[in-house]
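One letter stands for each residue in the lines below.
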Amino acid sequence: MSDILEIFMSASFWAAAIRIATPLIFGVVGALICERSGVLNLGIEGIFTAGAMAGWMAVWLGAGLWGGVLVAALAGGFFGLIHAVLTVPLGLSQHVSGIGVTLFATSLSYFIYRTALPDVSSPPRIEAFQPLDIPVLSDLPFLGPALFQQTPLTFLALFLVAATAYVLYRTPLGLAIQAVGDNPAAVESQGLSVYGLRMGTVVAGSAIMALGGAFLTMSAFDAFFFGMVNGRGWICIALTVFASWRPGKALLGALLFGAFDAFQVRLQTEVGSFIPGQVFLMMPYLLSIAALIVVARRADYPRALLVPYFRGQR
Amino acid sequence: MALPAKDAPVLLRLDGITKRFGALTANDAVCLDLKQGEILALLGENGAGKTTLMNILFGHYVADEGSVLVSRGDGDLSPLEPGSPHAALEAGVGMVHQHFTLAENLSVLDNILLGTEKLSTLKSRRAPARRKLEDLMTRSGLAVSLDMRVSQLSVGEKQRVEILKALYRNAKVLVLDEPTAVLTPQESDTLFAILKKLADAGLGIIFISHKLAEVMAASHRIAVLRGGAKVADLPTSECDQRQLAELMVGHEVSETVRGTGAPGDTLFILTGVSAGESRESIRDVNLDLRSGEILGIAGVSGNGQTMLARVISGLETPFAGSMRLGERTLTQANARTMIDAGLARIPEDRHRDGIVGAMTVSENLAIEAIRKPDCQRFGLLRFAAMREKARAMIDAYDIRCQGEDSPARLLSGGNIQKIVLARTLETEPKVVLAAQPSRGLDVGATSEVYRRLLAARARGAGVLLISEDLDELMRLSDRIAVIHRGHLSDAEPTETLDRGTLGLRMAGHTMEAAE
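Residues numbered from 1 in each chain as written. Chains lettered and ligands numbered in written order. Predicted model: local features only at pLDDT ≥ 70, side-chain atom pairs only at ≥ 80, totals over all residues. Heavy atoms only, no water.

Draft legend 1. Local environment of the sheet that holds strand β7 (residues 173-177) of chain B. Residue and element names in this part refer to chain B. Here 6 strands make up an open sheet; going across it, the order is β6-β7-β8-β3-β9-β10 and the pairing mixed. Looking at which strands have only one partner, the edges of the open sheet turn out to be β6 (93-96) and β10 (229-235). The sheet shows a mean angle of 15° between the axes of neighbouring strands, direction not considered. Sheet topology places β7 next to strand β8 (residues 204-209); 5 bridges connect them, and they run parallel. Looking across to β8, one finds that Asp 177 is bridged to Ile 208. Lying over the sheet, helix α6 (residues 185-200) contacts β3 (39-43), β7 and β8, oriented at roughly 150° with respect to β8. (Pairing = 2+ DSSP bridges. Helix = DSSP H or I, 4+ residues; strand = E, 2+ residues; numbered from the N terminus. Axes fitted to C-alpha atoms, helices over the stretch in contact; angles between N-to-C directions. Contact = heavy atoms within 4.5 Å.)

Draft legend 2. Broad picture of the interface of chain B and chain A. Counting residues at the interface gives 33 residues for chain B and 26 residues for chain A. Together chain B and chain A conceal approximately 2400 Å² of surface at their shared face, both sides included; 53% is due to carbon and sulfur atoms. Three residues stand out in chain B for area buried against chain A, namely B:His60, B:Leu114 and B:Leu119, and they jointly supply 25% of the buried area on that side. Taken together, chain B and chain A are joined by 0 salt bridges. Our count for the contact surface shared by chain B and chain A stands at 13 residue pairs in polar contact (both at pLDDT 80 or more). Contributions of two or more residues to the side of chain B that touches chain A are made by α2 (85-90) and α3 (108-113) of chain B. With 4 residues, the single largest contributor to the side of chain B that touches chain A is α3(B). Along the lines of polarity and charge, the residues of the side of chain B that touches chain A split into 13 nonpolar, 11 polar and 9 charged. (Buried area = accessible area lost by both parts, 1.4 Å probe. Salt bridge = Lys/Arg side-chain N within 4 Å of Asp/Glu carboxyl O. Polar contact = N/O pair within 3.5 Å; in protein donor to acceptor, adjacent residues only side chain to side chain. Nonpolar A, V, L, I, M, F, W, Y, C, P; charged D, E, K, R; others polar.)

Draft legend 3. Quick look at the domain arrangement of chain B. Residues and elements named next belong to chain B. Split into domains, chain B comes out as domain 1 (10-249), domain 2 (255-342 + 429-515) and domain 3 (354-426). Using only C-alpha atoms to locate each centre, domain 2 and domain 3 end up separated by 26 Å. The partner domain 3 presents 11 residues to the 11 residues of domain 2 that form the contact. Contact between domain 2 and domain 3 buries roughly 960 Å² in total, counting both sides, with carbon and sulfur atoms accounting for 65%. Linking domain 2 with domain 3 are 1 salt bridge, by the criterion used here. With a closest N to O distance of 3.4 Å, Arg 371 and Asp 340 form a salt bridge. At the junction of domain 2 and domain 3, the tally comes to 3 residue pairs in polar contact (both at pLDDT 80 or more). Elements supplying a minimum of two residues to the side of domain 2 that touches domain 3: α10 (335-340) and α15 (443-458). (Domains from an automatic or database assignment.)

Draft legend 4. Quick look at the environment of B:Ala320. When you line up the elements, B:Ala320 lands in strand β14 (residues 320-325). Those residues within four positions of B:Ala320 in sequence are excluded, and the remaining contacts are B:Gly272, B:Val273 and B:Ser274.

Draft legend 5. Highlighting the environment of B:Glu38. Residue and element names in this part refer to chain B. Residue placement: Glu 38 occurs in the loop between β2 (24-35) and β3. For Glu 38, a relative accessible area of 6% puts it in the buried group. Through-space distance from the C-alpha of Glu 38 to that of Leu 198 is 9.6 Å; in sequence the pair is 160 residues apart. Of the polar contacts made by the side chain of Glu 38, one reaches the backbone nitrogen of Lys 35; its length is 2.9 Å. (Buried < 20%, exposed > 50% of the residue type's maximum accessible area, 1.4 Å probe, protein only.)

Draft legend 6. Local environment of α6(B). Residues and elements named next belong to chain B. Over its 16 residues, α6 extends 23 Å from the first C-alpha to the last, a length consistent with the 22 Å expected when each residue adds 1.5 Å. Of all the positions in α6, only Pro 185, Ser 188, Leu 191, Phe 192, Ile 194, Leu 195, Leu 198 and Ala 199 are classed as buried. Of the residues trailing α6, Gly 202 is marked for its positive phi of about 110°. (Expected span 1.5 Å × (residues − 1).)

Draft legend 7. Just the packing of aromatic side chains, in detail. For the coordinates displayed, the defined rule picks out 17 aromatic pairs over all chains. Arranged with centres 6.2 Å apart and planes meeting at 55°, the rings of A:Tyr110 and A:Phe224 form a pair that is tilted. In this pair, A:Tyr110 is assigned in helix α5 (residues 94-116) and A:Phe224 in the loop between α10 (194-220) and α11 (232-242), connecting sequence segments 114 residues apart. Take A:Tyr110: its relative accessible area is 22%, and that puts it in the partly exposed class. Members of the aromatic cluster, connected to one another through ring pairs, are A:Trp56, A:Trp60, A:Tyr110, A:Tyr113, A:Phe224 and A:Phe226. Across the ring face of B:Tyr168, the terminal group of B:Lys132 is positioned such that the distance to the ring centre comes to 4.8 Å. (Phe/Tyr/Trp six-rings, centres within 6.5 Å; stacked < 30°, edge-to-face > 60°. Lys NZ or Arg CZ within 6 Å of the ring centre and 35° of its normal.)

Draft legend 8. A look at the sheet that holds strand β5 (residues 77-79) of chain B. Residue and element names in this part refer to chain B. Ordered by their spatial adjacency, 4 strands build an open sheet running β2-β1-β4-β5, and the pairing between neighbours is antiparallel. Each edge of the open sheet is held by one strand with a lone partner, namely β2 and β5. Between one strand and the next, the sheet's axes are offset by a mean angle of 20°, whatever the strand orientation. When strand β1 (residues 10-21) meets β2, the two strands line up antiparallel, connected through 8 bridges. Residue pairing across strands places Arg 20 opposite Thr 25, the latter belonging to β2.

Draft legend 9. Summary view of helix α4 (residues 126-140) of chain B. Residues and elements named next belong to chain B. Helix length check: α4, at 15 residues, gives a terminal C-alpha distance of 21 Å against a target of 21 Å (1.5 Å per residue), a fit within 8%. Taken residue by residue, α4 has Ala 129, Leu 133, Leu 136, Met 137 and Ser 140 as its buried positions. Viewed end-on, α4 has its buried residues packed into an arc of 100°, placing them on one side of the element. Turned more than 90 degrees off the buried face of α4, the exposed positions are Arg 131, Thr 138 and Arg 139. (Arc of directions from axis to C-beta.)

Draft legend 10. Spotlight on empty space enclosed by the protein. Considering all chains together, one arrives at 5 cavities of 30 Å³ or more under this definition. In this structure, the largest cavity spans a volume of roughly 100 Å³. The wall of the largest cavity is formed by A:Ile235, A:Ala238, A:Leu239, A:Phe242, A:Gly253, A:Leu256, A:Phe257, A:Phe260, A:Leu287, A:Ser288, A:Ala291 and A:Leu292. Contributing elements (two or more residues each) for the lining of the largest cavity: α11, α12 (247-271) and α13 (277-296) of chain A. Per-class residue counts for the lining of the largest cavity are 10 nonpolar, 2 polar and no charged. The space that makes up the second largest cavity amounts to roughly 60 Å³. A:Ser189, A:Gln190, B:Phe58, B:Leu89, B:Gly94, B:Met95, B:His97, B:Thr101, B:Glu162, B:Lys165 and B:Ala166 together form the lining of the second largest cavity. (1 Å grid on protein atoms, 1.4 Å probe; cavity = no way out; pocket = protein on both sides within 12 Å on 5 of 7 lines; lining within 4 Å. Points joined across faces, edges and corners; volume = space filled by probe spheres on them.)

Put into structure tokens, the structure is as follows:
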């Protein structure tokens, strides 16, 4: 028992939780932005892969790290645009289009990677982002190593949460996004463009999702390999519901999941000798499902989510 | 009603508006002027093209021919960019749609603010907006709490928000599409008082309606549309209701006369029935229906009528109370046992619950009788017999269709209702449940529905008529009960009731308070 308590007392546990949560924060913020405007983006899993590959490839080809981040965001925006065109003006099924984008983006990323590196057996590494050394804060006892020795992308993720919350609740644009996800007719009757808003949020949201993928190759693993996204995109879709489409709660959900995951890794080393490791691997997902059941039953869905809008039809 | 000055400037002109949808001409060269300070009623039946015309004015549709001209303040009229709600708003045209265009997840204030600020602005300026709105509310009498979420508002309050939205944008012309459809008579009176005040302050107002009484009471001028064309444009003082009805329909209108009935024994009893949980629920409902009478249930939409109809139809099991039809107790009934006990159901949403759109007319006509020997033998359907029977019913009920094998979804609303009537009344049921039977039907189909219901009453059936149309209830019912927030009042003879009393009860006032 005291061993388990010790896990929570260690700074490295919290640092790991935040590190694991970072790609999820990007993903859930991106998904939330899309869904707030009424478009479910199941392209997320593929967009993660595309972001991971594009960012890594740019750096490997000689771009700077921030150049890589930009390329990843552009790649995400590109696949977001495909999804947006299919689902917003054309009004196709958001599920089908999203899964199509995931399959397309994933395969295309693998294809490009294989074409560029036909013979490598172990994935080449890049010089990735290093933890920031923030004066004073990083040197605090316990809090320093737990919270403030992260790479710049983690801080970018946290900044995006705050920025998204501000835009959503404090600006005219945010009001319009909230309204278009609830009742597109309200937006049109006030002289705004439903298609413009929805396409804009899907492209922007997808670009942010792709940063989650870029974090994996440019901050966590320093390399790109097949299957590395490993369902993180789908987790973000669930976390969005868990968060009731609110940025603050989205951050909380991502951190909670990160903590579960960091905890199960440490628990394996404690009691792994007599319980198979797969049980621990399952744990974060089981706990997410349990949390979803508790929270999401009361979820306040954007009313127009999944409903395409056609002008002049009501 | 005080007329606007003769030389008041024209605010808005529709010039030869024509709009076609395929073969249908929804608007046929319509011309219309609206002056400052004037309330214009646009009168017409369903499908006459009223809403289409207003949607063109507001930029939801683009007209095939003709143009919309608006005053730009200096008295000159200039054309409005077609197909752009944004341009209409900029030019001072505000529209209150029949189905409200509000985001329910936002506050009243945010809904009004929506779209009034540039999207690139970094901060919504809510404080000055609040001041302007508070000023507008005191001057116009439109009171609503600015910080409430729209989802918590009543229908009347939502409508006020819609009007405030237009006023906040300094609208000069206000268009309201069927504004009283969702209101009680008293709420309607309040609305019209506010509209009059706004007109006196210099707004031009157009309201769409098919209710003759309110058009006569609340407008300066009346334009009548029929089949997409304007057939009359008269000062209200020169009109009377009969003349308007004929203009609207295009031929003489014969009034349906109820005549005295001969109510017999009690047929159908509900005792203390409660069902449902949320808003659409009923509580402790008592009701007794006699043979040979029509019992009307009045109420504003959303007060439990739908649940009451579902319970009686056997689609919802009440958690308390009991139902009896004749000798049978039917508290745990399902749809099949209710039909077998002799109940005919005319559902509220005939497209969704009345027919299966993809199936043929003859299949739809047989659908409640498929277990009877004239429709099936040894578990196999007898299509030939079903078709033959369908042909007879198509003749008897004048169902206009491409034959008994055409899919039911291709029929018009009126003909779909005739399928429902034919199917349910053909079996000579003891009790007829008619939920909103004339909703959305034109005058011809409506009078056919009335005739069939009165015929059922004449042969001794009990008819339960659930309706939101007070005129319809007063005309057809022998007795009327009022449903409000799931509670049903005692039924009283129609002769002892008037519209005012019913209206107050629909708004929740008890009998004592009404006197």
